[in-house]
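A look at the structure
Listed below are the residues making up each chain.
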Amino acid sequence: MALPFKGGVVVCADSRTSTGSYVANRVSDKLVQLSDNIYACRSGSAADTQALTDYVHYYLNSWSLDTGRQPTVKTAAHLMRRLIYNNKDQLQAGVIIAGWDAVHGGSVYTITLGGSCLELPFATGGSGSIFVAGLLDAEFRQEMTQEEARTLAKKACAHAMTRDGSSGGVIRTVAISSEGVDRDYTPGNELPFGPSAPF
Amino acid sequence: MASSGSGYDLSSSTFSPDGRIFQVEYATKAVENAGPVLGIKCSNGVVLGCAKPINHKMVVATTGSYKRIHTCDTHIGCASTGFLPDARVLVQRLVEESADWQEQYGSKIPPGVLGERLGTYAHYFTLHGALRPFGAAAVIAGYDPDTKECSLQLLEPNGAPYMYYGVATGKGKQAAKTELEKLNLHKAPILAEDAVKQILRILYLLHAEQKDAKPIEIELSWICEASGWTHQGVPKDLLKTSQEWAKEQLEQEEEEGNGRRLN
């Protein structure tokens with residue numbers, strides 16, 4: 001998921017990668033850095049989304065060399081959209097692109113399975129997202145501080161990991177702002193769900 | 001062989017012994033014989049202007065069949081001189097490059113990048129024996145919506161795109177450059193509305209200095225806040241008042257000049 005705050009964006013993900021009922025990796029990193037100030041949150045097929053983020057990383061790099069500037073989040077989202085739309089029959093990929101740029105500030109885009117690109121106030125994705133839709137609708141506010149946004153992202157992520165069988169492991173977050181990026185890690189035994197943990 | 005340089009001008013794929021490519025120089029010559037084109041980068045925009053000689057009484061000049069200033073994208077304008085058909089190929093390339101960029105990246109192409117790409121394209125035509133360099137120069141005015149900056153570039157037949165504060169090419173470019181330098185654009189940029197006036201003044205001046213001059217028609221366009229940061233023709237009413245101002249200025253200058261001569 002990606003939640004914007006005043007002056008930036010927090011991206012957040014669990015760490016479960018499964019092959020059927022087997023957890024292939026319990027500490028995977030689904031937050032991929034596409035440029036200095038742009039991240040992608042991957043969901044769907046790990047193979048497909050890894051290949052896609054590799055391509056977008058490469059294209060953004062040549063964009064920067066062409067223009068001598070940092071790419072915008074919009075450009076990153078557009079590149080991802082094109083790749084997914086043009087190959088949608090062969091892909092299973094839901095990607096959130098979020099970051100900070102000098103033109104638009106913090107922004108969040110989601111690219112659907114079919115390849116449409118939507119700019120949203122905040123975005124959730126993956127199997128666990130339906131479990132926290134209501135929570136985020138209730139608690140998300142515009143212009144939060146970085147700390148508030150990160151706390152809410154972790155809380156939502158923890159609840160999704162608790163209810164969704166395909167989510168779990170640890171929580172990884174990255175806060176992106178004009179200052180740069182700040183990574184954070186929460187171990188699986190310190191998940192901030194509550195006030196009443198069902199399990 | 002008559003001199004050491006002769007015989008090396010048939011193909012652009014061969015250097016002359018003193019390191020020149022004559023075909024490219026001849027192409028530049030072709031540009032110097034065509035109607036003048038001027039561009040000024042302003043504090044609040046960028047302005048393009050050109051004077052088109054009407055070569056025959058029966059030519060219908062205002063139909064647009066004779067256009068020298070083209071819109072290549074909403075934020076890109078191109079004024080060209082030299083062989084018009086050659087210039088149109090360059091314009092077509094600008095249109096394609098900017099549309100491709102938008103398709104690929106979902107944003108407008110930065111004008112600097114566009115100029116470089118057109119340069120690469122034009123340069124290719126100076127490398128091969130089977131090709132002929134473009135007998136045209138393009139003055140590219142651009143606005144970058146991301147950085148909110150305007151730019152002005154000149155692309156010459158050799159393929160080198162340079163950025164300018166004020167630029168002139170085509171017939172009478174030396175006189176025009178002198179006039180532009182007097183405006184001190186690199187130190188104190190002027191307003192787009194004033195640049196319209198100055199470009200008109202210089203174009204009329206060039207025309208007056210020419211001996212057996214054909215009648216001319218003026219094309220003027222700009223990118224500024226008044227045009228919504230898109231490339232548009234200068235509004236007719238502003239054009240009219242500026243034309244009057246420019247002609248008045250020239251008359252005054254002439255009177256002063258005559259007075260000085262008498263003293």
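Given the structure is predicted, the values throughout are model-derived calculations rather than measurements. Position numbers for residues count from 1 along each chain, tracking the sequence in the order it is written. Each chain is given a letter, starting from A, and each ligand a number, starting from 1, according to the order in which they appear as written. In keeping with the predicted nature of the model, local features appear solely for residues at pLDDT of at least 70, side-chain atom pairs appear and are counted solely at 80 or more, and the whole-chain, interface and lining totals rest on all residues. Heavy atoms throughout the structure, all of them, feed into the side-chain values; hydrogens and water do not.

1. Let's talk about the confidence of the model for chain B
Residues and elements named next belong to chain B. Applied cut-off: Every residue is assigned a pLDDT by the predictor, reflecting its confidence on a scale from 0 to 100. Comment: elements are numbered from the N terminus, with helices defined as DSSP H or I runs of at least four residues and strands as E runs of at least two.
Mean pLDDT for chain B: 92, with 95% of residues reaching 70 or above. When pLDDT is averaged over each element of chain B, strand β5 (residues 136-144) comes out on top at 98 and helix α6 (residues 236-262) at the bottom at 83. Predicted complex, confidence summary: ipTM 0.89, pTM 0.90.

2. Regarding the packing of helix α4 (residues 173-182) of chain B against helix α5 (residues 192-209) of chain B
Residue and element names in this part refer to chain B. Put simply, the test is: Angles run from 0 to 180 degrees between N-to-C directions of axes, and those axes are lines fitted to C-alpha atoms, restricted for helices to the stretch in contact. Crossing handedness follows the turn of the near helix against the far one: under a right angle anticlockwise gives a left-handed crossing, and clockwise gives a right-handed one. Whether two residues are in contact is decided by their heavy atoms: any pair within 4.5 Å suffices. Three residue categories are used. Nonpolar comprises Ala, Val, Leu, Ile, Met, Phe, Trp, Tyr, Cys and Pro, charged comprises Asp, Glu, Lys and Arg, and polar comprises the others, including Gly.
Close contact between α4 and α5 brings their axes to 10 Å; oriented N to C, the two are set at 145°. Here the hand of the crossing between α4 and α5 comes out right-handed. Two secondary-structure elements touch here, α4 through A175, A176, E179 and L180 and α5 through R201, I202, L205, L206 and E209. Taken together, the residues that form the contact of α4 with α5 break down as six nonpolar, no polar and three charged.

3. Notes on the interface of chain B and chain A
A common way to report how large an interface is uses the accessible area buried once the components associate. Formally: Accessible-area loss on putting two parts together, using a 1.4 Å probe and summing over both, is the definition of buried area adopted here. Every case where a carboxyl oxygen of Asp or Glu lies within 4 Å of a side-chain nitrogen of Lys or Arg is listed as a salt bridge. Throughout this description, a polar contact denotes any pair of N or O atoms lying within 3.5 Å of each other; where both atoms belong to protein, one of them has to be capable of donating a hydrogen while the other can accept it, and for residues adjacent in sequence the pair is counted only when both atoms sit in side chains.
The partner chain A presents 13 residues to the 13 residues of chain B that form the contact. Of the roughly 1200 Å² buried where chain B meets chain A, counting both sides, 48% is carbon and sulfur surface. Counting the surface chain B buries against chain A, the share from its top three residues, B:Q104, B:Y105 and B:D146, is 49%. Remark: the boundary between chain B and chain A carries three salt bridges. Two residues, A:R69 and B:D144, come together in a salt bridge whose shortest N-O distance is 3.0 Å. Where chain B meets chain A, there are seven residue pairs in polar contact (both at pLDDT 80 or more). Going through the elements one at a time, α2 (84-105) and α3 (111-124) of chain B are the ones with two or more residues in the side of chain B that touches chain A. Tallying contributions element by element places α2(B) first for the side of chain B that touches chain A, with five residues. By residue class, the composition of the side of chain B that touches chain A is four nonpolar, five polar and four charged.

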